[in-house]
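Inside the fold
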Amino acid sequence: MHYRGRFAPSPTGPLHFGSVVAALASYLDARQHQGEWLVRIDDIDRLRERPGSAAQILSTLEHFGMQWDGDVVYQSQRLRLYQQALEKLRASGLIYGCNCSRKQIAAIAKSGIGGFIYPGSCRDLNIAQTTSHSLRLRTNNLYTRFDDRILGAITQRIEFEIGDFIIRRGDGIISYQLAVVVDDHEQGVTDIVRGEDLLLSTPRQIYIQQLLEIPQPAYMHLPLVRSADGSKLSKSSDAWPVDIKNPVRTLNQALGFLGQQQVRADSVEEFWPQAIRQWDIGAIKRVMNHETG
Ligand code: GLU
């Protein structure tokens with residue numbers, strides 16, 4: 001199958017170093033496979049969006065010489081697609097309305113790998129599925145598994161480790177988990193390369209793919225760039241915006257973070273062909289083993 005990858009930033013601020021690493025890795029992997037590379041702006045949650053940052057992210061990518069295929073897609077313009085998928089999930093009978101507040105959940109739920117494990121309080125209450133309530137997807141305890149191209153076999157029992165999760169929030173916004181699955185499928189994405197902060201979400205996304213009967217893409221989760229205190233960098237907290245004055249140096253720093261050989265180049269035009277040739281996933285695995293070993 002022809003390789004199609006993507007980079008899908010949320011426009012919550014300028015690109016930080018962690019998102020440059022994700023952009024570079026997804027780009028190099030796609031181009032080394034002679035594949036396409038799409039850019040999608042994940043702006044479904046307009047409340048978190050910082051005005052102007054989508055344009056700023058795109059101009060940084062251009063400045064770095066990263067050329068995307070086709071038009072940039074914006075989640076905010078695709079609500080109809082998400083709604084159709086929601087209706088399909090609803091037909092499976094696995095969606096239910098939930099009126100628990102965060103406070104109520106915090107008072108009774110156990111903490112798990114990704115925050116509180118939703119204890120299923122509203123599962124059988126038949127709460128109306130109107131926009132004033134959130135909608136959750138009923139999960140199960142089967143092992144959801146996939147083979148990550150870097151991390152190997154990953155398994156998760158979603159009900160036990162995460163709990164029934166939100167598909168549409170109480171304010172009517174479709175969850176990231178559903179939107180990303182619908183988009184990647186609709187855009188024909190075959191390979192997802194992204195940061196390890198999304199590793200815990202992947203089984204939920206695979207579960208949604210199974211329910212919607214759509215094929216599962218290949219996944220590769222990259223080591224996370226952390227700030228000095230060990231926390232994850234996030235665009236919304238102004239963490240470490242990248243130096244765009246010296247793109248080759250910034251790109252080489254991203255290569256270095258992923259254990260790749262440096263590229264000697266005077267311009268981004270010179271940088272990419274060599275970086276694409278040298279791209280080596282084995283080197284990422286070696287950096288990670290070194291860190292954990
Ligand atoms: N929009 C998500 C983010 O910026 C990434 C989505 C994805 O790669 O699946 O964290």
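Okay, so let's go over this structure. (Residues numbered from 1 in each chain as written. Predicted model: local features only at pLDDT ≥ 70, side-chain atom pairs only at ≥ 80, totals over all residues. Heavy atoms only, no water.)

Description of the sheet that holds strand β7 (residues 134–137)
Spatially, the 3 strands line up as an open sheet ordered β4-β7-β10, and their pairing is antiparallel. Each of the sheet's edge strands pairs with one partner strand only, and the pair in question is β4 (95–98) and β10 (165–168). The average undirected angle you get between the axes of adjacent strands in this sheet is 45°. Across the sheet, helix α3 (residues 79–91) lies against β4, β7 and β10, angled at about 130° from β10, the strand it touches most. (Pairing = 2+ DSSP bridges. Helix = DSSP H or I, 4+ residues; strand = E, 2+ residues; numbered from the N terminus. Axes fitted to C-alpha atoms, helices over the stretch in contact; angles between N-to-C directions. Contact = heavy atoms within 4.5 Å.)

A few points about the site of the ligand
If you check the shell around the ligand, you find 10 residues, and the closest are R6, A8, D42, Y176 and R194. Note that an oxygen atom of the ligand is positioned 2.8 Å from one of the side-chain N or O atoms of R194. For the ligand, the accessible surface in isolation is 300 Å², of which the surrounding protein chains cover 82%. Taken together, the residues of the shell around the ligand break down into 5 nonpolar, 1 polar and 4 charged. (Near = heavy atom within 4 Å. Polar contact = N/O pair within 3.5 Å; in protein donor to acceptor, adjacent residues only side chain to side chain. Areas by Shrake-Rupley, 256 points an atom, 1.4 Å probe, with all protein chains shown as cover. Nonpolar A, V, L, I, M, F, W, Y, C, P; charged D, E, K, R; others polar.)

Brief notes about the nonpolar core
Counting residues in hydrophobic clusters, the biggest one holds 45 residues, and the most contacted among them are L24, L61, L222, F271 and W272. Elements that contribute at least two residues to this core include exactly α1 (17–32), β2 (36–41), α2 (53–63), β12 (218–222), α8 (247–257), α9 (268–278) and α10 (281–292). Tallying contributions element by element places α1 first for this core, with 10 residues. With residues near it in sequence (within four places) discarded, F271 still touches L24, V248, L251, N252, L255, V263 and A265. (Core = buried A, V, L, I, M, F, W, Y, C linked by side-chain atoms within 4.5 Å. Buried < 20%, exposed > 50% of the residue type's maximum accessible area, 1.4 Å probe, protein only.)

A short note on the packing of aromatic side chains
Within the structure shown, the criterion is met by 6 aromatic pairs. Ring geometry for F7 against W37: centres 6.4 Å apart, planes inclined by 10°, an arrangement best described as stacked. One end of the pair, F7, is in strand β1 (residues 4–7); the other, W37, is in strand β2, and 30 residues separate them in sequence. Between F271 and W272, the ring centres sit 4.9 Å apart and the planes meet at 90°, which makes this aromatic pair edge-to-face. Look at F271 and you get buried, because its relative accessible area is 0%. By relative accessible area, which is 5% here, W272 ends up buried. Its end group placed over the ring of F160, R157 keeps NZ or CZ at 5.3 Å from the ring centre. (Phe/Tyr/Trp six-rings, centres within 6.5 Å; stacked < 30°, edge-to-face > 60°. Lys NZ or Arg CZ within 6 Å of the ring centre and 35° of its normal.)

Thoughts on the side chain of R6
Along the polypeptide, R6 turns up in strand β1. Side-chain polar atoms of R6 contact the side chain of D184, separated by 2.9 Å. If sequence neighbours within four positions are ignored, R6 has contacts with S26, W37, L38, R40, V180, D184, V189, D191, I192, V193 and R194.

Re the sheet that holds strand β3 (residues 73–74)
The strand order across the open sheet built from 3 strands is β1-β2-β3, with neighbouring strands paired in parallel fashion. Sheet topology places β1 and β3 at the edges, where each strand pairs with a single neighbour. Two elements, β1 and β2, share 4 bridges in a ladder whose sense is parallel. Among the inter-strand pairings, R6 is bridged to a residue of β2, identified as L38. Contacts between α1 and the sheet are confined to β1 and β2, with β2 contributing the most and set at about 150° to the helix.

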